Amino acid sequence: MENVFYSSRGWEDWDVPAKPAIPEGMPVLIDDDLFFEDVSGPRPTVAVNRWLRELPTNGCPAPKSCTYYARTVKEWMEFLAEHGVGLFDTRMRLKSALGAYAVYRATGPIKHRFEASTWNQNVGILASFYRWAVDEGYTDAEPFTYKQGTAYFGEQASQVQVNQARRRQAKDHVTIKYLEDDFAALFLNALSGLTPDGQDDPRYRGRELARNAVASSASASSSETP
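Residues numbered from 1 in each chain as written. Predicted model: local features only at pLDDT ≥ 70, side-chain atom pairs only at ≥ 80, totals over all residues. Heavy atoms only, no water.

*Asks:* What should I look at first to understand the overall build of the chain in this one?
*Replies:* On a plain count of helices and strands, the chain comes out with six helices and six strands. Secondary structure of the chain in N-to-C order comes out as β-β-β-β-α-α-α-α-β-β-α-α. Burial analysis of the chain (226 residues in total) assigns 29% to the buried set. Pairs at least 24 residues apart make up 46% of the contacts formed inside the chain by residues separated by at least 6 positions. Summed over its atoms, the accessible surface of the chain is roughly 15600 Å², and 54% of this surface lies on carbon and sulfur atoms. (Helix = DSSP H or I, 4+ residues; strand = E, 2+ residues; numbered from the N terminus. Buried < 20%, exposed > 50% of the residue type's maximum accessible area, 1.4 Å probe, protein only. Contact = heavy atoms within 4.5 Å. Areas by Shrake-Rupley, 256 points an atom, 1.4 Å probe, with all protein chains shown as cover.)

*Asks:* Looking at this structure, I do not really get the side chain of Asn122. What am I missing?
*Replies:* Residue position: Asn122 is located in helix H4 (residues 116–135). We classify Asn122 as buried; its relative accessible area is 2%. Polar contacts involving the side chain of Asn122 include one to the side chain of Tyr68, which spans 3.1 Å. Those residues in contact with Asn122, other than ones at most four positions away along the chain, are Tyr68, Thr72 and Phe114. (Polar contact = N/O pair within 3.5 Å; in protein donor to acceptor, adjacent residues only side chain to side chain.)

*Asks:* Where do I start with the pairing of strand S2 (residues 27–30) in this structure?
*Replies:* For a regular strand, the rule is simple: side chains alternate between the two faces of the sheet. Both faces of S2 are covered, namely the face carrying Pro27 and Leu29 and the face carrying Val28 and Ile30. The pairing of strand S1 (residues 2–5) with S2 spans four bridges and is classified as antiparallel. Counterpart to Val4 in the pairing with S2 is Val28. (Pairing = 2+ DSSP bridges.)

*Asks:* Quick question: what am I supposed to make of the nonpolar core here?
*Replies:* A general feature of soluble globular proteins is that nonpolar side chains tend to end up buried together. By size, the foremost hydrophobic cluster in this structure holds 36 residues, and its most contacted members are Val48, Trp51, Trp76, Leu80, Leu87 and Tyr130. Those elements giving two or more residues to this core turn out to be S2, helix H1 (44–54), helix H2 (63–82), helix H3 (91–107) and H4. If one sorts the elements of this core by residue count, H4 sits on top with nine residues. Dropping the residues within four chain positions of it, Trp76 is found in contact with Leu87, Leu94, Ala97, Leu98, Tyr101, Leu126, Tyr130 and Pro143. (Core = buried A, V, L, I, M, F, W, Y, C linked by side-chain atoms within 4.5 Å.)

*Asks:* Explain H1 here, please?
*Replies:* It helps to recall that an α-helix has 3.6 residues per turn; residues three or four apart then point in one direction. Buried within H1 are the following residues: Thr45, Ala47, Val48, Asn49, Trp51 and Leu52. Lining the buried residues of H1 we find S2, H2 and H4.

*Asks:* Got a minute to help me understand the side chain of Glu142 in this structure?
*Replies:* Here Glu142 lies in the loop between H4 and strand S5 (146–153). For Glu142, which is buried and forms no salt bridge, the nearest opposite charge comes from Arg131, at a distance of 5.9 Å. Of note is the side chain of Glu142, whose polar atom sits 3.4 Å from the side chain of Tyr146. The residues contacting Glu142, other than those within four sequence positions of it, are Arg91, Leu94 and Tyr130. (Lys, Arg positive; Asp, Glu negative; His and termini not counted. Salt bridge = Lys/Arg side-chain N within 4 Å of Asp/Glu carboxyl O.)

*Asks:* Explain the packing of aromatic side chains here, please?
*Replies:* Two measures describe an aromatic ring pair: the distance that separates the ring centres and the angle between the ring planes. For the coordinates displayed, the defined rule picks out 14 aromatic pairs. Judged by centre distance (5.2 Å) and plane angle (70°), the rings of Trp51 and Phe129 are edge-to-face. Here Trp51, found in helix H1, pairs with Phe129, found in helix H4; they are 78 residues apart in sequence, far enough to count as distant. Judged by relative accessible area, Trp51 falls into the buried class, the value being 2%. (Phe/Tyr/Trp six-rings, centres within 6.5 Å; stacked < 30°, edge-to-face > 60°.)

*Asks:* I tried to follow the pattern of salt bridges on my own but got confused; where do I start?
*Replies:* Where charged atoms from two side chains of opposite charge come close, those side chains can pair. Tallied over the full model, the rule gives eight salt bridges. One salt bridge in this structure joins Glu136 and Arg50, with 2.8 Å as the shortest N-O distance. On the criterion of sequence distance, the pair formed by Glu136 in the loop between H4 and S5 and Arg50 in helix H1 is long-range, its members being 86 residues apart. Among the residues examined, Arg50 registers a relative accessible area of 25% and is labelled partly exposed. Among the ionic pairs, Arg93 bridges to Asp89, the shortest N-O distance being 3.1 Å. Residue classification places Arg93 among the partly exposed residues on the basis of a relative accessible area of 37%. A relative accessible area of 19% places Asp89 in the buried class. Linked through salt bridges whose partners overlap, the residues forming this network are Asp31, Asp33, Asp38 and Arg43.

*Asks:* What am I meant to see in unusual backbone geometry here?
*Replies:* Note: most residues except glycine have negative phi, and most peptide bonds are trans. Backbone geometry places Asp15, a non-glycine residue, at a positive phi of 60°. In this fold, Asp15 is placed in the loop between S1 and S2. Non-glycine residue Leu34 carries a positive phi angle of around 70°. Residue position: Leu34 is located in the loop between S2 and strand S3 (37–38). The exposure class of Leu34 is exposed, given its relative accessible area of 63%.

So, in structure tokens, the structure goes:
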């Protein structure tokens, strides 16, 4: 599948009555054989391209965002095709593929893995596409499952739908930061009143050296435990 970008240059020679109302640079997905339909009718790329064209009036006017949306759906479609699943397949087959996709993006080849924030962003884009496709009659099935949740804005609470495919993200204030091994060793030596090379530091004026040394030793041992 190819992702190209629309240009109206030379449209006068396209045998159309007027210049197409398509934004310049809009991403367009095209199957490798360059066909948009076959004996079964229009292909899924036709629906995807229509969705992409409508993004500017659905809260996504930035060209870069449209490009990211197109790439997200393209990669999902390629993964589905690799496993013999259609973009508008049955809910059971789509859910099964989504599970495999989640594992692939979490533990697959390094270059294809997603951080939780990136995965959640992709889930949001795909969910938006499937909601649109259901509303427009392209399908009656989507791979996502939702549950009711409560969102708080100050003291006001409201009920929202939570996509179960989203991954939990650590809050910034509880994220643990680890020192690199070299700096950790220097820090532990300092707590024990030692120089960087492990010798007694005559300039050290701290207290409770024995306690610090024990704590340092315990910390080092736990960090080396697999």
